[in-house]
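Observations on the three-dimensional arrangement
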Amino acid sequence: MPDEKKPRIEALETVAESALFRIEAMDLTFSNGNTRRFERLRGRGKGAGAVMIVALPDPEHVLLIREYAAGIDEYALGLPKGVIDQGEDVLTAANRELKEECGFGAHVLEPLTELSLAPNYMSHRIQVVLAQELYEERLDGDEPEPLETVRVRLDELSELLTRSDVHEGRSIAALFIAREYLRGREENDASWW
């Protein structure tokens, strides 16, 4: 395994900013003496990260939302997600976002994992939360238009990948991680009998 000593940051400067993002240039020196300039995209929000929710209205289905994705200029189907507000913990933010985007809250919320989008040049990470024992409750959110909620069978995830409106890697990864986690939990529960 190569030396895992992180590169030393020699200089860090902001090269561009928008309301949502900041681009930083980093001059790095690696442990072998090589130097490079990298750029990274950082969020400008005042929140504490982001959360993505795998919400199960029953053991066989998951809730997805269809919303406009400005980055690709299309409507896309993916998991509900949003920013963790200042002062919120991950589970509180997950339940709030689920209520805002799907019209459901969850009695049972469980952290699953953390995912990144493109760690070589983006600092963004998202916490994935499993939500179960749902109940109806809607909160007003910040979405510019109503979101469509779509129920999908967990055992049809492979077919989901063939759809032209499903392409967000984090949602796809989170769905498969949740499905495998639930399968493992079922196998462990069965061993008690």
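Everything quoted here is computed from the prediction, not taken from an experiment.

1. So, the sheet that holds strand β1 (residues 8-17)
Pairing is antiparallel across the open sheet formed by three strands, whose spatial order is β1-β2-β3. Unpaired on one side and paired on the other, β1 and β3 (35-43) mark the two borders of the sheet. Neighbour-to-neighbour, the strand axes of this sheet turn through a mean angle of 25°, independent of strand direction. Here β1 runs beside strand β2 (residues 21-29); their pairing, made up of eight bridges, is antiparallel. By the bridge assignment, Ile-9 is partnered in β2 with Leu-28.

2. So, the nonpolar core
If you look at soluble globular proteins, the nonpolar side chains tend to sit buried side by side. Val-54, Val-62, Leu-79, Leu-160 and Leu-175 are the most contacted members of the largest nonpolar core, which totals 22 residues. For this core, the elements supplying multiple residues, two or more each, are β4 (50-58), β5 (61-69), β9 (125-136), β10 (148-153), α2 (157-160) and α3 (169-190). When near neighbours in sequence (up to four residues on either side) are disregarded, Leu-160 contacts Leu-64, Leu-77, Val-152, Val-166 and Leu-175.

3. Observations concerning the pattern of salt bridges
This model, assessed by the stated rule, comprises 22 salt bridges. A salt bridge links Arg-42 to Glu-24; the nearest nitrogen and oxygen atoms lie 3.8 Å apart. Here Glu-24 lies in strand β2 and Arg-42 lies in strand β3, a separation of 18 residues in the sequence. According to the relative accessible area criterion, Arg-42 is partly exposed, its value standing at 26%. Classification of Glu-24 as buried rests on a relative accessible area of 6%. For the salt bridge of Glu-137 with Lys-99, the shortest nitrogen-to-oxygen distance reads 3.5 Å. Linking Glu-137 in the loop between β9 and β10 with Lys-99 in helix α1 (residues 90-102), this pair joins segments that are 38 residues apart in sequence.

4. Considerations on the pairing of β5
Across two bridges, β4 lies against β5 in antiparallel orientation. Residue pairing in the sheet places Ala-55 in a bridge with Leu-63 of β5. Linking β4 to β5, which pair antiparallel, is a turn of two residues. In this sheet, β10 lies alongside β5 in antiparallel orientation, the contact comprising six bridges. Within β10, the residue paired with His-61 across the bridge is Arg-153.

5. Some details on α1
Here α1 spans 18 Å end to end across 13 residues, near enough to the 18 Å set by a 1.5 Å rise per residue. Where burial is concerned, most of α1 is hidden: 10 out of the 13 residues are buried. By the burial criterion, the buried members of α1 are Ala-93, Ala-94, Asn-95, Arg-96, Glu-97, Leu-98, Lys-99, Glu-100, Glu-101 and Cys-102. Tucked inside the fold, the buried residues of α1 contact β4, β5, β7 (81-83), β8 (104-116), β9 and β10.

6. Side note on the pairing of β9
Each regular strand shows side chains that alternate between the opposite faces of the sheet. Relative to β9, β4 is paired through six bridges, and the arrangement is parallel. Bridge pairing links Ala-50 to Ile-126 in β9.

7. As for unusual backbone geometry
Notably, Asp-73 is not glycine yet its phi reads approximately 55°, a positive angle. Note on placement: Asp-73 falls in the loop between β5 and β6 (74-78). Notably, Glu-133 is not glycine yet its phi reads approximately 55°, a positive angle. With respect to the element layout, Glu-133 can be found in strand β9.

8. Examining the packing of aromatic side chains
Counted by the stated rule, this structure contains two aromatic pairs. Ring plane angle 55° and centroid distance 6.2 Å describe the contact between Phe-30 and Phe-38, whose orientation is recorded as tilted. For Phe-30, a relative accessible area of 29% corresponds to the partly exposed category. Ring plane angle 65° and centroid distance 5.6 Å describe the contact between Tyr-68 and Tyr-75, whose orientation is recorded as edge-to-face. Of the residues examined, Tyr-68 reaches a relative accessible area of 39% and is grouped as partly exposed.

Basis of the calculations
- Residues numbered from 1 in each chain as written.
- Predicted model: local features only at pLDDT ≥ 70, side-chain atom pairs only at ≥ 80, totals over all residues.
- Heavy atoms only, no water.
- Pairing = 2+ DSSP bridges.
- Helix = DSSP H or I, 4+ residues; strand = E, 2+ residues; numbered from the N terminus.
- Axes fitted to C-alpha atoms, helices over the stretch in contact; angles between N-to-C directions.
- Core = buried A, V, L, I, M, F, W, Y, C linked by side-chain atoms within 4.5 Å.
- Buried < 20%, exposed > 50% of the residue type's maximum accessible area, 1.4 Å probe, protein only.
- Contact = heavy atoms within 4.5 Å.
- Salt bridge = Lys/Arg side-chain N within 4 Å of Asp/Glu carboxyl O.
- Expected span 1.5 Å × (residues − 1).
- Phe/Tyr/Trp six-rings, centres within 6.5 Å; stacked < 30°, edge-to-face > 60°.

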